[in-house]
Amino acid sequence: MFLDDDSDVLAAAELVLTRAGFDLLTAQTPETAEGVLAGGGIDILLLDLNYRRGDTSGEAGLTFLRKRMDDMPHLPIVVVTGHSGMAIAVEAMRLGAQDFVVKPWNNDRFVASIRSALENPRLPVPAPPPRDLNLERSERDLIRLALERHQFNISQAAKDLGLTRAALYRRMEKHGL
């Protein structure tokens, strides 16, 4: 699917990509693109970053990109931009786009970028494991780590934990260590 407000760009892309063996769905507004994406079956998103004549900030496209990465992190995205410049394209890559193509594009480079994104999808970053926020278990684990680190030298472990030896003994007894 290609989201671009310029119908001529969409027509050119459709011609190039159809000849390369792709089927292309198009949208000229983010709202239309949302509907197409919601229908499923989309393998890749080609994304322009500006949707209003004269707007070259890329902010609308970056907002759309952020939402797509949140909702569909597995979907390969190639940014296709003509006016936003390299800084915006780099920002898009940082946000999760796999590649960018500058308009007017070289047809071979355009197709190669799309094929590469489809063949080598970016793997979503796994969510960090949940942290144990139980204070008692955390304290017990920290004491155990300090004791192991200092080969069960109570004085050194207490110093490492910022405790007196007596306080460390009390806490070790409390946790059955």
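Residues numbered from 1 in each chain as written. Predicted model: local features only at pLDDT ≥ 70, side-chain atom pairs only at ≥ 80, totals over all residues. Heavy atoms only, no water.

Novice: Help me understand the side chain of lysine 103 in this model?
Specialist: Tracing the sequence through the fold places lysine 103 in the loop between β5 (99–102) and α5 (107–119). Those residues within four positions of lysine 103 in sequence are excluded, and the remaining contacts are Asp4, Val9, Asp48, Val80, Thr81 and Gly82. (Helix = DSSP H or I, 4+ residues; strand = E, 2+ residues; numbered from the N terminus. Contact = heavy atoms within 4.5 Å.)

Novice: What is the right way to look at the packing of aromatic side chains in this model?
Specialist: Think of a pair of aromatic rings as described by two things: how far the centres are apart, and how the planes are tilted against each other in angle. Within this structure, the stated rule accounts for three aromatic pairs. With 6.5 Å between their ring centres and 45° between their planes, phenylalanine 2 and tryptophan 105 make a pair best called tilted. On the criterion of sequence distance, the pair formed by phenylalanine 2 in strand β1 (residues 2–3) and tryptophan 105 in the loop between β5 and α5 is long-range, its members being 103 residues apart. Tryptophan 105 carries the same exposure label as phenylalanine 2, and that label is buried. The interplanar angle of 15° and the centroid separation of 4.1 Å between the aromatic rings of tryptophan 105 and phenylalanine 110 together place this pair among those described as stacked. Here the aromatic cluster, defined as three or more aromatic residues joined through ring pairs, consists of Phe2, Trp105 and Phe110. (Phe/Tyr/Trp six-rings, centres within 6.5 Å; stacked < 30°, edge-to-face > 60°. Buried < 20%, exposed > 50% of the residue type's maximum accessible area, 1.4 Å probe, protein only.)

Novice: Whenever I open this one, the pattern of salt bridges confuses me. Can you help?
Specialist: Between side chains of opposite charge, pairing is possible as soon as their charged atoms come close. Following the criterion strictly, the structure yields 14 salt bridges and no others. Salt-bridge contacts for aspartate 48 lead to lysine 103; the nearest nitrogen and oxygen are separated by 3.4 Å. Placement of aspartate 48 in the loop between β3 (45–47) and α3 (59–71) and of lysine 103 in the loop between β5 and α5 is noted, with a sequence separation of 55 residues between them. Note on accessibility: aspartate 48 and lysine 103 belong to one class, buried. The residue arginine 94 makes a salt bridge to glutamate 91 at a minimum N-O spacing of 2.7 Å. You can see arginine 94 and its partner glutamate 91 sitting in helix α4 (residues 86–95), three residues apart, about one turn around the helix. Taking relative accessible area as the criterion, arginine 94 reaches 59% and is therefore assigned exposed. Look at glutamate 91 and you get partly exposed, because its relative accessible area is 23%. Where salt bridges share partners, they join Glu34, Lys67, Arg68 and Asp71 into one cluster. (Salt bridge = Lys/Arg side-chain N within 4 Å of Asp/Glu carboxyl O.)

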